Amino acid sequence: MITLAGVCGGYGGLDILSAFELNVEPGTINCIIGPNGAGKSTVLKTVSGILRPRLGSIVVNGLDLVGKSPAEIVKFGVVQVPQRHGLFAGLTVRQNVMMGAYVARASKKRLDARYDELAGMFPIIGKRASHRAGGLSGGQRRMVEFARAMMLEPQVVLLDEPTLGLDPLSRGVIYESTRAMNEAGVTVLMVEQNVRFGLSLADTVTVMSAGRVVLTGTASEIERHPDLMGLFFGLAPETDQVAE
Amino acid sequence: MAALIQTLVFGLLIGGVYALMSTGLTLVFGVMKIVNMAQGAFLILSAYLTYSLWTYAGIDPLIGAFIVAPVMGLLGVILYKGIIERAQRIDAGLAIVATFALALILEAVTALIWGPEPATTTPDYFNQAVHIGSIAIPKAQLYACIFAVVITAGLAFIIKRTWLGHAITAASENPEGARLIGVEPARVGTWIFAISIATTAFGGAALSFLYQFVPDSQDGWIGLTLSVVILGGLGSIPGVVAGGLVLGVAEALTSNYVSVQWSTAVPFILILVVLTVRPQGLFALHSREDVSS
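Residues numbered from 1 in each chain as written. Chains lettered and ligands numbered in written order. Predicted model: local features only at pLDDT ≥ 70, side-chain atom pairs only at ≥ 80, totals over all residues. Heavy atoms only, no water.

Caption draft 1: A look at the sheet that holds strand β3 (residues 29–33) of chain A. Residues and elements named next belong to chain A. Reading across from one edge, β6-β7-β8-β3-β9-β10 is the order of the six strands in this open sheet, with mixed pairing throughout. The two strands at the open ends of the sheet, each matched to only one other strand, are β6 (78–81) and β10 (212–218). For this sheet, the mean angle separating the axes of adjacent strands, direction not counted, is 15°. Sheet topology note: the strand β7 (residues 156–160)/strand β8 (residues 187–191) ladder contains five bridges and is parallel. (Pairing = 2+ DSSP bridges. Helix = DSSP H or I, 4+ residues; strand = E, 2+ residues; numbered from the N terminus. Axes fitted to C-alpha atoms, helices over the stretch in contact; angles between N-to-C directions.)

Here it is as structure tokens:
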């Protein structure tokens, strides 16, 4: 269970999130959608510890993550795949994936076995293990980032706009891979600009505007909601509404 | 022909030493994007410490380097945490200015402790040579070059094969991405500064028996080490090796076939050529730029 309660925070003293509230059930896929500047990526950065919220609590499976370092949060099992530039171009694909276990640094034998397991789920890391990550296409890089996120068998994976800049074929692969991660028991909290993609993948959807939650519900409820289009064209509802 | 081979051998040996002296500079730049203007001063301080161990305790410079290295590494940690990291938090440019200030302070401190007289160490192998046919290989340069190969290979191993090395690569390429997998760039920065300053101890030891030095010799050495790093590609260890060898050979050829006076201009001529023809240096890596993630 992920619970964000009364979270306020942002950059350089300016709050992007204002009294942000979110509940994500374990084992589900939750997608946050909303117009540019709504604060979607900021939510993920506060959960992963990159940004420290000014107020509020972020509890994941009973542990309050506020004040914990990104390394402690990764060790606890919450991993973020960033929006852009997640890989290290100078390292090989294998080295990039292995770096997902940096905080644990388990035995080589165990890590090799885990790598082989993940190669079944993300074939690219088996085929191009010794290639430099800097030479991969956008879709391939995403797959390597997903595999890296799965190295330590996380409880929660945070995906920041996983389809950004990808062609339809690669988006299909992202869809299948996200489903596969979820079926492996991982709770997925994702942020997505591509509303259709987000709605097709998520169990529950949260719609944000100006740092607050304006709608929550199942994907089909949100898809049919009359205010959805208005939100993306700057016609946000005056009060918070819950579709459920 | 023998004279040419002799010149090339000498150039390669001294080029290896140049690479050793410049490794710390490229490491710091590669990770922290800081040009450490105190590299020359650290080299001279290391040379003086080696000189004192040799003068007062009779410790060979090649062994003394292993005593000086941890001391220099510790000094690196103190200076990084006390000055560089704080300056870097304000502005990366300020950190470079801080290293320049450090160079001046270190030069003054070495002058106060050791005085302005030229110093050098003269171990047994100082003026001996190994002969292979008609080629004479000076032992001092040979040992210094072996030293350079071992230390540079050790560093390359750390960078390519260890968790610390991969964390260094990650933090240098993508600090926020590194934080997301639990690598703390500030902690990596401390390590890298300590390692880079410790490696100058080995360069300083070689310098102590290959050259005479005074406190303000650091001015010349920062110029030379910068040339090596620019030649090879900022931040690249293979690049530093290539840059050192190219510079060493070019200097030796110029010295032998043009004039000794012109050999001092070689580093600056090479910098001009490289910056014009291949500004990224000999060994810069490229990634695909047609993808956003």
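Caption draft 2: Just the sheet that holds strand β2 (residues 14–24) of chain A, in detail. All names here are of chain A. The strand order across the open sheet built from four strands is β2-β1-β4-β5, with neighbouring strands paired in antiparallel fashion. Two strands close off the open sheet at either side, each with one partner strand: β2 and β5 (63–64). When strand β1 (residues 2–11) meets strand β4 (residues 55–60), the two strands line up antiparallel, connected through five bridges. For Thr-3, the partnering residue across the bridge sits in β4 and is Val-59.

Caption draft 3: Local environment of the interface of chain A and chain B. Across the boundary between the two partners, chain A contributes 38 residues, which contact 24 residues of chain B. Of the roughly 2700 Å² buried between chain A and chain B, counting both surfaces, carbon and sulfur atoms make up 60%. Among the residues of chain A in contact with chain B, A:Ile50, A:Phe88 and A:Tyr102 are the three that bury the most area, contributing 22% of the side total. Note that B:Glu176 is salt-bridged to A:Lys45, the shortest N-O span being 3.6 Å. Linking chain A to chain B there are four residue pairs in polar contact (both at pLDDT 80 or more). Looking at the side of chain A that touches chain B, its residues break down into 17 nonpolar, 13 polar and eight charged. (Contact = heavy atoms within 4.5 Å. Buried area = accessible area lost by both parts, 1.4 Å probe. Salt bridge = Lys/Arg side-chain N within 4 Å of Asp/Glu carboxyl O. Polar contact = N/O pair within 3.5 Å; in protein donor to acceptor, adjacent residues only side chain to side chain. Nonpolar A, V, L, I, M, F, W, Y, C, P; charged D, E, K, R; others polar.)

Caption draft 4: Looking closely at the nonpolar core. Counting residues in hydrophobic clusters, the biggest one holds 77 residues, and the most contacted among them are A:Met99, B:Met32, B:Val183, B:Leu207, B:Leu210, B:Trp221 and B:Leu247. Here this core gets 13 residues from one element, more than from any other, and that element is helix α8 (residues 185–210) of chain B. Residues within four places of A:Met99 in sequence aside, it is in contact with A:Leu91, A:Arg148, B:Trp163, B:His166, B:Ala167, B:Ala170, B:Ile181 and B:Val183. Among the nonpolar cores identified, the runner-up in size contains 47 residues, and A:Ile125, A:Val157, A:Leu159 and A:Leu199 belong to it. (Core = buried A, V, L, I, M, F, W, Y, C linked by side-chain atoms within 4.5 Å. Buried < 20%, exposed > 50% of the residue type's maximum accessible area, 1.4 Å probe, protein only.)

Caption draft 5: Structural context of the packing of aromatic side chains. All chains considered together, the criterion is met by 15 aromatic pairs over all chains. Plain terms: the ring middles of B:Tyr48 and B:Trp114 are 4.8 Å apart, the flat faces sit at 15° to each other, and that makes the pair stacked. Within this pair, whereas B:Tyr48 is found in helix α2 (residues 39–57), its partner B:Trp114 is found in helix α4 (residues 92–114), the two being separated by 66 residues in sequence. Residue classification places B:Tyr48 among the buried residues on the basis of a relative accessible area of 0%. In this structure B:Trp114 comes out as partly exposed when scored by relative accessible area, which is 21%. Of the aromatic side chains, those joined through ring pairs into one cluster are B:Tyr48, B:Tyr51, B:Trp114 and B:Phe213. The residue whose ring lies beneath A:Arg105 is A:Tyr102, and the NZ or CZ to ring-centre distance is 4.2 Å. (Phe/Tyr/Trp six-rings, centres within 6.5 Å; stacked < 30°, edge-to-face > 60°. Lys NZ or Arg CZ within 6 Å of the ring centre and 35° of its normal.)

Caption draft 6: Looking closely at the pattern of salt bridges. All names here are of chain A. Going through the model one piece at a time under the given rule, you end up with nine salt bridges over all chains. A salt bridge links Asp-112 to Arg-94, with the nearest nitrogen and oxygen atoms 2.7 Å apart. Placement of the pair is Asp-112 in helix α4 (residues 108–121) and Arg-94 in helix α3 (residues 93–98), with a sequence separation of 18 residues. In this structure Arg-94 comes out as partly exposed when scored by relative accessible area, which is 28%. By sharing partners, the salt bridges in this structure join Arg-94, Lys-108 and Asp-112 into a single network.

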